[in-house]
Amino acid sequence: MPHFYSGDALGALKSVSFSLVDSPTEWKATTTVLVPGSSSGHSKTVQKLASYQTPESSTLLAAVHADGSAAVHAIHADSQLSVVHEWKEGRLREGQKFVGLTLKESTVYTCTSNGALRRTKLPQPDSEPSSSLSSLPMRLCEWRLSADARTFVYGGEEVEMSLWDTEKAFSERPPVAEPALTDSKKRKRGDQLLPGEVWRAKNVPNDQLSLRQPVYNTALTYLQPSSIPSQQHLLAGTTNGCVRRYDTRVARRPVSNWVGIGKVGGVGSVEDGFHEHEVFVADRGSTLSALDLRNGRTIYTYKGISGAVTSVAPAQRFMVSASQDRYIRLNSTFGPPAEVGQQQEQKGEVLCKEYVKVVPTVVVWDGFVGREETSVEPEGEEPEDEVWDVMQAADSDSEGEGKSAHRREKKRRST
Amino acid sequence: MPSSRFEPSSIKNKIKREEIARKQKKEKRQGKLQKRLAQAKAEADDPLIKKKRLAQNVPRTLDNTREYDPSTLTANPDTEAEAGPSTFPQDGDGDAASQPTVQPQDESAADIAADPFAEYFSGVLDPTIPPKVLITTSPKATRLTYDFCDELVGVFPGAEFIRRKKGKGFEMGRIAGWAANRGYSHLVVVNEDMKQPNALTVVHLPEGPTAYFKLTSIQLSQQISGHARATAHFPELVLNGFVTRLGHTVGRLFQTFFPPMPEFQGRQVVTLHNQRDFLFFRRHRYAFRSPEKVALQEIGPRFTLKLRSLKKGLPAVKILGAPSKPLQFEPGEDEDATPTDIPEGAMAVDEQSEHERKEIVPPTEDECIWVWKPELETTRRTFFL
């Protein structure tokens, strides 16, 4: 029973959970409104959402809104909501938006498109809330924190993918004298890493007409969590529809650059899947597909999506997508074939779609693993047969002929 | 094979066979006619029978057996005990949220109230000033398209036709940006292909959405026999059969083309009738011949639209040759250390003045709200508007 949280264009927070009804293929969604939306336009639009499962079985849900306000809610077992901490990002200018939000234990990281990075420590029983600030370049489109919170990466319009050390970014305050420096010695500084920056990508080579290709990273994600801060695998999507894979150990240029993945309006979001070599890519035109990371081929595309996908949330065997057509869809996922280039046998499809009345802007998984495993088991056909086969083998001596005949028949059916 | 009925096809003589067959057919026809006449007579005596028959004999059409779409702003007919036919006539002058038969939930109403057309419905605009509409064509248009544009100018009270300029730098998005800065509320671009107008792009200014319609079956006023003359009065508007949330968006988009208050003395009605996702555009003049009877005279033009895509903002303009920009940092770095309420008060003042002269620039990338794909039509009874 996968469970998700979504935020919408009017600022409402909802909890969406999917469950099986009657047959093993029919899914049903139940939506409950956690925080009602405003009735006064889009000033409270939820721009980013993050959830964290605390050890004491409650969920922390952080949301940032278009007007710069941010709040962390605690959701208790009986879906009671309480506000843990609220603050306002004063550096969010008009026309700018939040590009990143991560909730890690009791620390919230937010980043805006004009580079206002903030780390907020949530109030603990023995400590007051505190926040530390840092500043990054402007024109960002996406900001992500790594799984172990030691590094983060960003990219944007004319901003190359860049990997930073989180601690250094907050401890050293580099850019105070920065604007003057960049103006005067632009050429020299262009390639130099900023204090705290670990690695920065380099633009792809000029095209066959030797024209420079514009840098416009619209979406990015970490692949394969790594413990060494400077060794990361990154994936970026650009506005002209390319998906690029970076390996920070190897090169500053992308190790692979797959062209033409985003068909309309460029890549909207990329998200690492739970299967190996699987990644989900959505464009701004209504395509959502799964990609094989080994060769950059689309292994399948989800059918029946009529609006641009705003947010993708993989959750083990499932994936949930929120889209501009006001639907939240539960999709099934299947990993890419064992060997590159083989035929993809099972393709993911939309299992269930829920109309949510207001455009959902972001959806996140609650990260609860245990609950899903229990409900998934009885679904498949094959595991059941296996169970019967094993049982039969163990006590075939004591049982009569009828049962083993039955078993033979069953085997025949299954083959 | 002995059949119970005599088959003329079993006769071997051709002349005889034809004769018999003809006779049989005639008998059948006459039988039907007699039945109809008898029914008409019975119904003339007792009008209740006719009423009962009409109530019982509702033909099943694609339209009234359409698949339930959860975005329909009505209750699900499957869960409700009784539901009417699938078309809900909607009066163009009433707000969609305040219809008596259609009761959208709270959230849907809030969503509709927050859409880009909300300003028109809030009543802040002067009802006597028609919205400014800029009509233009695709580059290199020809006669037929210009004729059609002339008709469109006659339909929208605040419309103005400007020829599409030749050369580079006149992309649709850029024109939309200029028009928005000059106070236009809509941009209509008539696209031409094979010397025929074939599509209509409708942009709501200043912040979208952009709708792209397929345009077919154009009949200009001239081609309609017995057509009436149009007058410059603000017409009334009838929007028919827009039931889903997407349909409401399209309906509200068309509603904003016309001044909120019609001039009734003109007795002109513009109709946009949605049937199976085709939008039929008609314009009529009505006349009350007697207190019960109303006569309609068509003014024209006629055309049919079908929604192909709906995009979020203005049409995108790609700037691929832009020079690279260096990394830039937000100036005034230490401002954030101060509490947020001090700059906010100062900002609110100049924000207002800045809003007045804020230049509207087209986006560099499109974002689709809805786009038609063949795979969406899983059955012939799936409709989206």
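- An unreviewed UniProt entry lists chain B under the name Brix domain-containing protein, with Ganoderma sinense ZZ0214-1 given as the organism.

- As annotated in an unreviewed UniProt entry, chain A carries the name Ribosome biogenesis protein NSA1 and comes from Ganoderma sinense ZZ0214-1.
- Here chain A is described in UniProt, under the heading Sequence similarities (unreviewed entry), as follows: "Belongs to the NSA1 family."
- In its Function (unreviewed entry) section, the UniProt record describing chain A reads: "Involved in the biogenesis of the 60S ribosomal subunit."

### Things to note about the overall build of chain A
Here comes step 1: Secondary structure summary: chain A contains six helices and 28 strands in total.
Here comes step 2: Taking all 415 residues of chain A together, 53% fall into the buried category.
Here comes step 3: For chain A, the proportion of contacts with a sequence separation of at least 24, taken over those separated by at least 6, is 48%.
Here comes step 4: Only carbon and sulfur atoms are counted for the fraction: they give 50% of the accessible area of chain A, which is about 18600 Å².

### A look at the pairing of strand β25 (residues 318-323) of chain A
Successive residues of a regular strand alternate their side chains across the two faces of the sheet.
All names here are of chain A.
Here comes step 1: Counted residue by residue, β25 has six buried out of six residues, so it is predominantly covered.
Here comes step 2: Of the two faces of β25, both are covered, the one formed by F318, V320 and A322 as well as the one formed by M319, S321 and S323.
Here comes step 3: Bridging between strand β24 (residues 309-315) and β25 involves six bridges; their strand directions are antiparallel. In the sheet register, A315 faces β25, and the bridge partner there is F318.
Here comes step 4: Here β24 hands over to β25 after two residues, with Q316 in that stretch at a positive phi of 55°.
Here comes step 5: Across five bridges, β25 lies against strand β26 (residues 327-332) in antiparallel orientation. Among the inter-strand pairings, S321 is bridged to a residue of β26, identified as R329.
Here comes step 6: Counting the residues that bridge the hairpin from β25 to β26 gives three residues, and of these R326 lies at a positive phi of roughly 70°.

### So, the pattern of salt bridges
Residues and elements named next belong to chain A.
Here comes step 1: This structure, assessed with the given rule, holds 28 salt bridges over all chains.
Here comes step 2: Residue D292 is joined to R294 by a salt bridge in which the shortest nitrogen-to-oxygen separation is 3.0 Å.
Here comes step 3: Looking at D292, the relative accessible area reads 2%, which means it is buried.
Here comes step 4: By sharing partners, the salt bridges in this structure join K48, E142, R144 and E271 into a single network.

### Regarding the side chain of T102 of chain A
Here comes step 1: Checked against the element boundaries, T102 of chain A lands in strand β8 (residues 98-104).
Here comes step 2: Apart from residues lying up to four places away in sequence, T102 of chain A is in contact with A50, T107, V108, Y109, W143 and L145 of chain A.

### Structural notes on the interface of chain A and chain B
Here comes step 1: Each side of the interface is counted separately: chain A has 52 residues, and chain B has 38 residues.
Here comes step 2: Between chain A and chain B the total buried area reaches about 4300 Å² when both faces are included, carbon and sulfur atoms providing 53% of it.
Here comes step 3: At the junction of chain A and chain B, the tally comes to four salt bridges.
Here comes step 4: At the surface where chain A touches chain B, the tally comes to 18 residue pairs in polar contact (both at pLDDT 80 or more).

### With respect to the packing of aromatic side chains
Here comes step 1: With the rule as written, the count across this model stands at 22 aromatic pairs over all chains.
Here comes step 2: The interplanar angle of 70° and the centroid separation of 5.8 Å between the aromatic rings of Y286 of chain B and F288 of chain B together place this pair among those described as edge-to-face.
Here comes step 3: Y286 of chain B gets classed as buried once you look at its relative accessible area, which sits at 13%.
Here comes step 4: F288 of chain B sits in the exposed class, given a relative accessible area of 59%.
Here comes step 5: Grouping aromatic residues by their ring pairs yields a cluster made of Y109, W143, F152, Y154, W164 and F170 of chain A.
Here comes step 6: Between R119 of chain A and the ring centre of F170 of chain A, over which it is positioned, the NZ or CZ distance is 4.3 Å.

### A word on the domain arrangement of chain B
Here comes step 1: Split into domains, chain B comes out as domain 1 (11-57) and domain 2 (115-312).
Here comes step 2: Here the C-alpha centre of domain 2 of chain B lies 47 Å away from the C-alpha centre of domain 1 of chain B.

### Section: the sheet that holds strand β1 (residues 3-8) of chain A
Residue and element names in this part refer to chain A.
Here comes step 1: If you walk across this open sheet you meet the four strands as β3-β2-β1-β28, and the pairing is antiparallel. A strand with exactly one partner marks an edge of an open sheet, and here the two such strands are β3 (27-35) and β28 (360-365). Sheet twist, expressed as the mean angle between neighbouring strand axes with direction ignored, is 25°.
Here comes step 2: In this sheet, β3 lies alongside strand β2 (residues 13-20) in antiparallel orientation, the contact comprising eight bridges. Opposite F18, over in β3, you have A29 as the bridge partner.

### Points about unusual backbone geometry
Here comes step 1: In this model, L205 of chain B is joined to P206 of chain B through a cis peptide bond whose omega is 0°.
Here comes step 2: Within the secondary structure, P206 of chain B is located in the loop between β5 (196-204) and β6 (210-219).
Here comes step 3: For the bond from G208 of chain B to P209 of chain B, the omega torsion is 0°, close enough to zero to count as cis.
Here comes step 4: With respect to the element layout, P209 of chain B can be found in the loop between β5 and β6.
Here comes step 5: One non-glycine residue with positive phi stands out, namely A149 of chain A, at about 65°.

### Let's talk about the confidence of the model for chain A
Residue and element names in this part refer to chain A.
Here comes step 1: Scored by pLDDT, chain A has a mean of 84; 84% of the residues are at 70 or more.
Here comes step 2: Note on residues 176-186: pLDDT under 50 across the span, and eight contacts to partners over four residues away in sequence or across chains.
Here comes step 3: Counted against residues more than four places away or in other chains, residues 407-411, with its pLDDT under 50, gives five contacts.

### Considerations on the side chain of H233 of chain A
All names here are of chain A.
Here comes step 1: By the secondary structure assignment, H233 is in strand β17 (residues 233-238).
Here comes step 2: You can call H233 buried: its relative accessible area is 13%.
Here comes step 3: Among the polar contacts made by the side chain of H233, one reaches the side chain of R249 at a distance of 3.3 Å.
Here comes step 4: When neighbours within four sequence positions are excluded, H233 is seen to be in contact with T221, Y222, L223, Q224, R245, Y246, D247 and R249.

### Focus: the confidence of the model for chain B
All names here are of chain B.
Here comes step 1: Counting all residues, the mean pLDDT for chain B is 85, and 84% of those residues have values of 70 or more.
Here comes step 2: This model gives residues 80-104 a pLDDT under 50, and the stretch forms 32 contacts once residues within four places in sequence are excluded.
Here comes step 3: Within the model, the stretch residues 334-355 combines pLDDT values under 50 with eight contacts to residues more than four positions away or in other chains.
Here comes step 4: Interface confidence for the predicted complex, given as ipTM, is 0.83, next to a pTM of 0.83.

### Structural notes on the pairing of strand β23 (residues 298-301) of chain A
All names here are of chain A.
Here comes step 1: Alignment of strand β22 (residues 288-292) against β23, held across three bridges, turns out to be antiparallel. Counterpart to A290 in the pairing with β23 is Y300.
Here comes step 2: The hairpin turn running from β22 into β23, its antiparallel successor, is five residues long, and G296 in that turn takes a positive phi close to 75°.

### Looking at the packing of helix α1 (residues 14-45) of chain B against helix α2 (residues 47-56) of chain B
Residue and element names in this part refer to chain B.
Here comes step 1: Packing of α1 against α2 leaves a shortest axis separation of 5 Å and a crossing angle of 115°. Contact with α1, carried on its side by Q39, A42, E43 and D45, involves P47, I49, K50 and R53 of α2 and no other residues of that element.
Here comes step 2: When the residues that make up the contact of α1 with α2 are grouped by side-chain class, the tally is three nonpolar, one polar and four charged.

### Here we look at a positive patch on the surface
Residues and elements named next belong to chain B.
Here comes step 1: On the surface, K25, K26, K28, R29, K32, K35 and R36 cluster together into a patch of positive charge.
Here comes step 2: Along the chain, the position of K26 falls in helix α1.
Here comes step 3: On the basis of relative accessibility, which here comes to 48%, the residue K26 falls in the partly exposed class.

Cut-offs applied
Residues numbered from 1 in each chain as written. Chains lettered and ligands numbered in written order. Predicted model: local features only at pLDDT ≥ 70, side-chain atom pairs only at ≥ 80, totals over all residues. Heavy atoms only, no water. UniProt positions renumbered as here; feature names shortened; annotations may be inferred. Helix = DSSP H or I, 4+ residues; strand = E, 2+ residues; numbered from the N terminus. Buried < 20%, exposed > 50% of the residue type's maximum accessible area, 1.4 Å probe, protein only. Contact = heavy atoms within 4.5 Å. Areas by Shrake-Rupley, 256 points an atom, 1.4 Å probe, with all protein chains shown as cover. Pairing = 2+ DSSP bridges. Salt bridge = Lys/Arg side-chain N within 4 Å of Asp/Glu carboxyl O. Buried area = accessible area lost by both parts, 1.4 Å probe. Polar contact = N/O pair within 3.5 Å; in protein donor to acceptor, adjacent residues only side chain to side chain. Phe/Tyr/Trp six-rings, centres within 6.5 Å; stacked < 30°, edge-to-face > 60°. Lys NZ or Arg CZ within 6 Å of the ring centre and 35° of its normal. Domains from an automatic or database assignment. Axes fitted to C-alpha atoms, helices over the stretch in contact; angles between N-to-C directions. pLDDT = per-residue confidence, 0-100. Nonpolar A, V, L, I, M, F, W, Y, C, P; charged D, E, K, R; others polar. Patch = residues over 30% accessible without salt bridge, like charges linked within 9 Å, V, L, I, M, F, W, Y side chains within 5 Å. Lys, Arg positive; Asp, Glu negative; His and termini not counted. Charge placed at Lys NZ, Arg CZ, Asp CG, Glu CD.

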